[in-house]
Amino acid sequence: MSHHKVIIVGTGPAGYTAALYASRANLAPLVFEGAQPGGQLTITTEVENFPGFRQGIAGPALMDEMREQVIRFGTTLKPETVLQADLQGRPFKLTTDKGEYTADAVIIATGASAMWLGIGKDEQLSRSGGGVSACATCDGFFFRGKEIAVVGGGDTAVEEATFLTKFATRVHLIHRRDKLRASKAMQERALKNEKIQPLWNKVVLDVLTSTLETPMGEKVEKIRALKLKDTVDGSESELAVEGLFVAIGHRPNTSLFAGQLPMDETGYLQVEKGSSRTSIPGVFACGDVQDHVYRQAITAAGSGCMAAIDAERWLAEQGLAD
Ligand code: NDP
């Protein structure tokens, strides 16, 4: 079992910024990259609101820059996912898919994951390659020349719908209200796009499928239509589409810490106001895992910086910094 002063869990903007500050403070942090190295920005297109990139930068490119930067200052990255965390004893113990590790301080930067509609079928088809996805950048290419739908009314839905017009013949933007939540600039760009067809006041009741046979003789279930319900008059209808992108928000990745750290009613970790300190001294949280309000790359990065500074100060107070 290898021991480290600081272990950071997660590699979004929060985890990388925490690693940057911790490594520059000579704490030689160990970082577990997790199931989605680079985090949510690796599945987004252009990032136009991260300061310092006046022309914008592709999400994956931004995360590559952060990765190289932390390596330069002595961070060790491991392509492992933490499966178990024991934060009750000292030192803290983390079990990954490859081994066991101990740490004097732990920084949690596990972020958040895409939410599904709660009808079962959407998530199931996303896993089986049935034409449902929560990531336009990853899967948009497969829908070239097809008619598809995006569900949601926030920035993600509008951004994905706009991006998907590069491939699809038509993108139906299904929203449960008659007003988008997305920022004005993004809304305007999307609603001006002739390939985007907004469908107001509609929810998806079901994903209808047909079974196709591949050239190899394998049977696969593929989406053929959506069953929709009008939220105003209750009427039901069918919309023929060959693809569905679900963009209705995210859930914090906190199941590892259930029963050990306080969370709010939606599962976000709670930290002491104005800091990254959790209820366990030596355990810090940063980024989307503790922030359901701002959820921006820049705020995640800022809170990652706070977590590293809080961890450094705490370790020094305990006489564990050197
Ligand atoms: P949001 O929480 O902002 O929006 C979620 C959308 O999905 C809302 O329109 C909501 O409807 C709808 N929704 C939620 N649950 C359901 C459901 N069960 N069925 C149908 N619709 C549902 O999430 P986003 O992922 O869009 O954005 C998260 C954050 O990331 C935001 O702060 C956003 O600004 C930011 N972001 C910024 C980007 C950029 O600047 N380039 C790109 C993408 C995201 P309702 O409106 O009725 O609540």
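Residues numbered from 1 in each chain as written. Predicted model: local features only at pLDDT ≥ 70, side-chain atom pairs only at ≥ 80, totals over all residues. Heavy atoms only, no water.

Colleague: So what's going on with the domain arrangement of the chain? Residues and values would help.
Modeller: Accessible area lost during the coming together of the parts is what is often quoted as the interface size. As far as domains go, the chain holds domain 1 (2-113 + 250-317) and domain 2 (116-246). The gap between the C-alpha centroids of domain 1 and domain 2 is 32 Å. (Domains from an automatic or database assignment.)

Colleague: Kindly report on the site of the ligand, identifying the contributing residues and their values.
Modeller: Around the ligand, a shell composed of 19 residues is seen, among which Asp155, Thr156, Arg176, Arg177 and Arg181 lie nearest. Here an oxygen atom of the ligand and a backbone polar atom of Gly154 are 3.3 Å apart. At 3.2 Å from a nitrogen atom of the ligand is found a side-chain nitrogen or oxygen belonging to Glu159. Considered on its own, the ligand offers 920 Å² of accessible surface; in the complex 78% of this is hidden by protein. Here the element with the most residues in the shell around the ligand is helix H5 (residues 155-164); it accounts for 3 residues. Split by residue class, the shell around the ligand holds 4 nonpolar, 9 polar and 6 charged. (Near = heavy atom within 4 Å. Polar contact = N/O pair within 3.5 Å; in protein donor to acceptor, adjacent residues only side chain to side chain. Areas by Shrake-Rupley, 256 points an atom, 1.4 Å probe, with all protein chains shown as cover. Helix = DSSP H or I, 4+ residues; strand = E, 2+ residues; numbered from the N terminus. Nonpolar A, V, L, I, M, F, W, Y, C, P; charged D, E, K, R; others polar.)

Colleague: Can you lay out the packing of helix H1 (residues 13-24) against helix H2 (residues 59-72) for me, pointing to particular residues and giving the numbers?
Modeller: Running from N to C, H1 and H2 point in directions that differ by 20°, and their axes come no closer than 9 Å. Judged by the angle between their axes, H1 and H2 are roughly parallel. Every pair of crossing elements has a handedness; the one defined by H1 and H2 is left-handed. Packed against H1, whose contacting residues are Pro13, Tyr16, Ala19, Leu20 and Ser23, the element H2 presents Met63, Met66, Arg67, Gln69 and Val70 at the interface. (Axes fitted to C-alpha atoms, helices over the stretch in contact; angles between N-to-C directions. Parallel < 35°, antiparallel > 145°, perpendicular 65-115°, else oblique. Left-handed = near helix turned anticlockwise from the far one by under 90°. Contact = heavy atoms within 4.5 Å.)

Colleague: Account for H5, with residues named and values stated.
Modeller: Of the positions making up H5, those classed as buried are Ala157, Val158, Glu160, Ala161, Phe163 and Leu164. Buried residues in H5 make contact with helix H4 (136-139), strand S11 (147-151), strand S12 (170-174), helix H6 (184-192), strand S13 (196-199) and strand S17 (243-246). (Buried < 20%, exposed > 50% of the residue type's maximum accessible area, 1.4 Å probe, protein only.)

Colleague: Before we move on, can you summarise the environment of Asp64 with the specific residues and values?
Modeller: Counting through the fold element by element, Asp64 comes out in helix H2. Put simply, Asp64 and Ser183 are 119 residues apart on the chain and 27 Å apart in space, counted from C-alpha to C-alpha.

Colleague: Please provide a residue-by-residue account of the pairing of strand S15 (residues 219-230), values included.
Modeller: Two elements, strand S14 (residues 202-213) and S15, share 11 bridges in a ladder whose sense is antiparallel. Within the sheet, the bridge partner assigned to Ser210 lies in S15 and is Lys222. The antiparallel pairing of S14 with S15 creates a hairpin that spans 5 residues between the two strands, and Gly217 there sits at a positive phi of about 85°. Relative to strand S16 (residues 236-240), S15 runs antiparallel, the two being bridged by 5 bridges. Looking at the pairing, Leu228 lines up with Ser237 of S16. The antiparallel pairing of S15 with S16 creates a hairpin that spans 5 residues between the two strands, and Gly234 there sits at a positive phi of about 80°. (Pairing = 2+ DSSP bridges.)

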